[in-house]
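Structural features, examined
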Amino acid sequence: MAPLVAITSHTTSSTPHAHILYNIQVSRSGRKITVNRRYSEFEVLHSRDLSSVHFSYLFMQVHLEALKDPFVLPPKRLLATTFIPSAWVDDALIAERKTGLAKYLSELLSTPDYAGSSILARFLTPDGTVNATEFNPEDAVPSTLSRKAAMDLLENRGSITEIEAQATSIAAAYYPDWSAGTNPPEKFDFSKFDILFFAFAMPNSSSTLTWDSGSQSIIQRLVSARNSSGKSTKIVLSVGGWGGSQWFSQACSNSGNRSKFVNAIVSAIKQYGLDGIDIDWEYPNSTGAGNPHSSADAGNLLSLFKSLRTALPSPKIISAAVPHLPWLGTNGQPLSDVSQYAAVMDYLNIMQANYDVWGASSTPGPNAPLGDLCGTSTQPQANAQAALAQWKKAGFPASKQLLGLPLYGYVSQSTKTALTGSLMPSSDMVLLVKNEEATVSDAQTVVKFVNGVHLRSKLSGPAEEMQTNKADAGGNVTTQDANLQKWYGQQIPFNEIVKSGALVKHSDGTYGEGGGFTMAWDDCSDTPFLYNTSQKTVVTYDDTWSLGSKASFAKSSGMAGCFTWSLDQDDGTTLQGAIRKALGK
């Protein structure tokens, strides 16, 4: 049985600056020990680098390597606490870290690969203290540091760029060329987007680029409108896509083809005044949509990225849209080390980790699970939490990962009223439970924490009437049920669910059930779904609550931010607004 870990208290010390010590209580076989550790000591334990760490243990100096584990620490907060007035008070910061650090240690101690580590054992030994050579500002009590003092500390440590990057979340979206009709560039609100990935140009048999009809004109209009807006939104060309990856393997197969391909990309970026390139190859060394592929694809892709980085020095963006696991190597297995890719890339756009996990089915499941929160998923590697850990373990930093969020769902022909894999969680899990005494006007989330697992249930708020009305033979007005049967087996944009009346918008900007549908919440994936048993219809989708929850996870995990597929599926910019709010923007 894994040891029980709790961090319920803390102390402070004044030397060399006021800093926080977290009191770790470890219970094993009826024996309890308490160890005091600073946040920076957790960072040393967790570090992915081969850091030189010396523990004073039983009066001996022992040289150790870091654990290089895949789990997540609560994020750095110095920039928020010091540079943004009232953005984060001491108590809230300390509470966040207590919860996050306890969860981190629990994950280590529950994982056989790490539980028996001598490094971890020494970390959890009262005498096994880290010999710190300098003060780490992340250990400080924020209110004791002036802005100038924090700046001085950061500059002395040479880490201000790193901390600024972790404190600034990116809100991005894919802008498909077909969305110009509903989102014309000239009327577009660039203030809500840090990056727009313009989709798509495609590689062709000549190892150059092919464009959809009219798309070059649209991207010109988009760049021109951005320039006129005075906003700093980056516009990045996305190449490929599910149906546009046929010629990637050939275009990357040798130095001659790669050179032509890189030249075509660089030429397009210069011609249209773009800010970078996004490679959406679905998938290297895998068929994807029936695409030709080779066991050498992953290696050739790395060569492509290196050539692009040479041709497109910073600040031009190089990103790639990817699934939940790293690219497949020559042995057909996910790469265990992608650090060379990370060294020349700016962002990794995680797609299939967090959407298209479960499509339309007679036994519907969640399209975009936050995690395997009940331990019952048949695809435990395919969720937001797992994807972050898997890519991070392979060497791609969280600070360069963007989490993909879907603005669409799936419509299934089914009479189910619960999602597959969503069994009732065990009694020792954290449950977010409905407060039966709350009124529907509260429109709130009620949280109950048990052992740090995060599930979510929602209360509904007052809805604005958006259903279609009709008159019966007597002239009485009745409510017409929504009908989504024409969408069986297909993806459905969020705005189409709203348009049908199956979802209605609340006065606070959230959404609830309508049109004869019942709205339910799947705690095991942290996503909503709708069902109408008489129509044999189930809709799995994401809304303001679930998208906000995933965006909060991305931010708290130190990820670069989030992107959506795709902005034309939003109900105006309501979903994007919820994501931005959760990212602290």
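What comes next concerns the included structure. (Residues numbered from 1 in each chain as written. Predicted model: local features only at pLDDT ≥ 70, side-chain atom pairs only at ≥ 80, totals over all residues. Heavy atoms only, no water.)

Section: the overall build of the chain
To be explicit about the condition: Working definition: helices are DSSP H or I runs of at least four residues, strands are E runs of at least two. Numbering for both runs from the N terminus. Exposure categories follow from relative accessible area, calculated using a 1.4 Å probe and restricted to protein chains: below 20% of the type maximum is buried, above 50% is exposed, and the middle band is partly exposed. The contact criterion used is simple: two residues touch if any of their non-hydrogen atoms lie within 4.5 Å. Using a 1.4 Å probe, the Shrake-Rupley method yields the accessible areas, and only the shown protein chains count as cover for residues.
When you go through the chain residue by residue, the secondary structure sums to 16 helices and 24 strands. For the chain, with 585 residues in total, the buried portion stands at 54%. Pairs at least 24 apart in sequence give 68% of the contacts found in the chain among residues at least 6 apart. Put simply, the chain shows about 24900 Å² of open surface, and 49% of that area lies on carbon and sulfur atoms.

Notes on the environment of Tyr 408
Cut-off, in case you're wondering: Whenever a nitrogen or oxygen atom comes within 3.5 Å of another N or O atom, the pair is scored as a polar contact, on the condition that within protein one atom can donate a hydrogen and the other can accept it, and that pairs from neighbouring residues in sequence are kept only if both atoms are in side chains.
Along the chain, Tyr 408 falls in strand β15 (residues 408-413). A C-alpha to C-alpha distance of 9.9 Å links Tyr 408 and Ala 368, two positions 40 residues apart in sequence. Contacts of Tyr 408, omitting those with residues within four sequence positions, involve Tyr 355, Asp 356, Asn 367, Gln 491, Ile 492, Pro 493, Phe 494, Tyr 541, Asp 542, Trp 565 and Gln 569. At 2.7 Å, the side chain of Tyr 408 and the side chain of Asp 356 are in polar contact.

Some points on the packing of helix α15 (residues 544-556) against helix α16 (residues 574-582)
When two helices pack together, their arrangement is given by the angle between their axes and by how far apart the axes lie. Just so we agree on the cut-off: Here an angle of 0 to 180 degrees is reported between the N-to-C directions of two axes, which are lines fitted to C-alpha atoms, with helices fitted over the stretch in contact. Here is the rule for handedness: rotate from the far helix to the near one, and if that takes an anticlockwise turn smaller than a right angle the crossing is left-handed, while a clockwise turn gives right-handed. We call Asp, Glu, Lys and Arg charged. Ala, Val, Leu, Ile, Met, Phe, Trp, Tyr, Cys and Pro are nonpolar, and the rest, Gly among them, are polar.
At a minimum axis distance of 8 Å, the contact between α15 and α16 shows a crossing angle of 35 degrees. By crossing handedness, the relation of α15 to α16 is classed as right-handed. Every residue of α16 that contacts α15 at Thr 544, Leu 547, Gly 548, Ala 551, Ser 552 and Lys 555 is listed here: Thr 574, Leu 575, Ala 578, Ile 579 and Ala 582. Class assignment of the residues belonging to the contact of α15 with α16 gives a composition of six nonpolar, four polar and one charged.

Section: the sheet that holds strand β18 (residues 491-493)
Filter applied, for reference: Two strands pair under a simple rule: DSSP has to find at least two bridges between them.
Strands sit in the order β18-β15-β23-β22-β21 across an open sheet of five strands; the sheet is antiparallel. The open sheet is flanked by β18 and β21 (518-522), the only strands paired with a single partner. Strand-to-strand twist in this sheet, taken as the mean axis angle between neighbours without regard to direction, amounts to 30 degrees. Bridging between β15 and β18 involves three bridges; their strand directions are antiparallel. Of the residues in β18, the one forming a bridge with Tyr 408 is Pro 493.

Structural notes on the side chain of Thr 510
Inspection of the secondary structure assignment puts Thr 510 in the loop between β19 (503-505) and β20 (511-513). Within the structure, the side chain of Thr 510 is placed 2.6 Å from the side chain of Asp 508, a separation counted as a polar contact. Every residue in contact with Thr 510, bar those within four places of it in the chain, is listed here: Val 504, Lys 505, Thr 544 and Trp 545.

Considerations on the pattern of salt bridges
Using the following cut-off: In what follows, salt bridge is the name for a side-chain nitrogen of Lys or Arg lying within 4 Å of a carboxyl oxygen of Asp or Glu.
Taken as a whole, this structure holds seven salt bridges when the rule is applied. Between Arg 221 and Glu 186 there is a salt bridge; the shortest N-O distance is 2.8 Å. Of this pair, Arg 221 sits in helix α8 (residues 215-229) while Glu 186 sits in the loop between β7 (170-176) and β8 (195-203), placing them 35 residues apart in sequence. Arg 309 serves as the salt-bridge partner of Asp 346, at 3.0 Å between the closest nitrogen and oxygen. One end of the pair, Asp 346, is in the loop between α12 (339-344) and β13 (347-350); the other, Arg 309, is in helix α11 (residues 297-311), and 37 residues separate them in sequence. Arg 309 sits in the buried class, given a relative accessible area of 17%.

Some words on the packing of aromatic side chains
Note the following rule: The criterion for an aromatic pair is that two Phe, Tyr or Trp rings (for Trp, the six-membered ring) have centres within 6.5 Å, with stacked assigned to planes under 30 degrees apart, edge-to-face to planes over 60 apart and tilted to the rest.
This model, assessed by the stated rule, comprises 26 aromatic pairs. Taken together, a centroid distance of 6.0 Å and an interplanar angle of 65 degrees make the contact between Tyr 355 and Tyr 408 edge-to-face. Placement of Tyr 355 in the loop between β13 and α13 (384-393) and of Tyr 408 in strand β15 is noted, with a sequence separation of 53 residues between them. The exposure class assigned to Tyr 408 is buried, which follows from its relative accessible area of 2%.

Digging into the sheet that holds strand β3 (residues 31-37)
Taking strand neighbours across the sheet as the criterion, the three strands line up as β1-β2-β3 in an open arrangement whose pairing is antiparallel. With one partner strand each, in any of the chains shown, β1 (4-13) and β3 form the two edges of the open sheet. Shown here is a sheet whose adjacent strand axes are inclined to one another by a mean of 20 degrees, direction ignored. The strands that helix α1 (residues 39-46) touches are β1, β2 (19-28) and β3; relative to β3, the one it contacts most, it runs at about 100 degrees.

A closer look at the nonpolar core
As a reminder of what qualifies: We call a set of buried residues a nonpolar core when its members are Ala, Val, Leu, Ile, Met, Phe, Trp, Tyr or Cys and they connect through side-chain atoms within 4.5 Å of each other.
Ranked by internal contacts, the top residues of the largest apolar core, which has 93 residues, are Leu 237, Phe 305 and Trp 327. The contacts of Leu 237, once residues within four sequence positions are left out, are Phe 198, Ala 201, Leu 209, Trp 211, Ile 219, Ala 268, Leu 274, Gly 276, Ile 277 and Asp 278. In this structure, Val 35, Ile 94, Tyr 114 and Val 141 belong to the second largest nonpolar core, which totals 26 residues.

Observations concerning the pairing of β21
Two faces belong to every sheet, and in a regular strand the side chains alternate between them. Among the five residues that make up β21, four are buried, leaving the element largely enclosed by the rest of the structure. Linking β21 back to strand β22 (residues 527-532) in an antiparallel pair, the connection comprises four residues, with Asp 526 at a positive phi of about 65 degrees.

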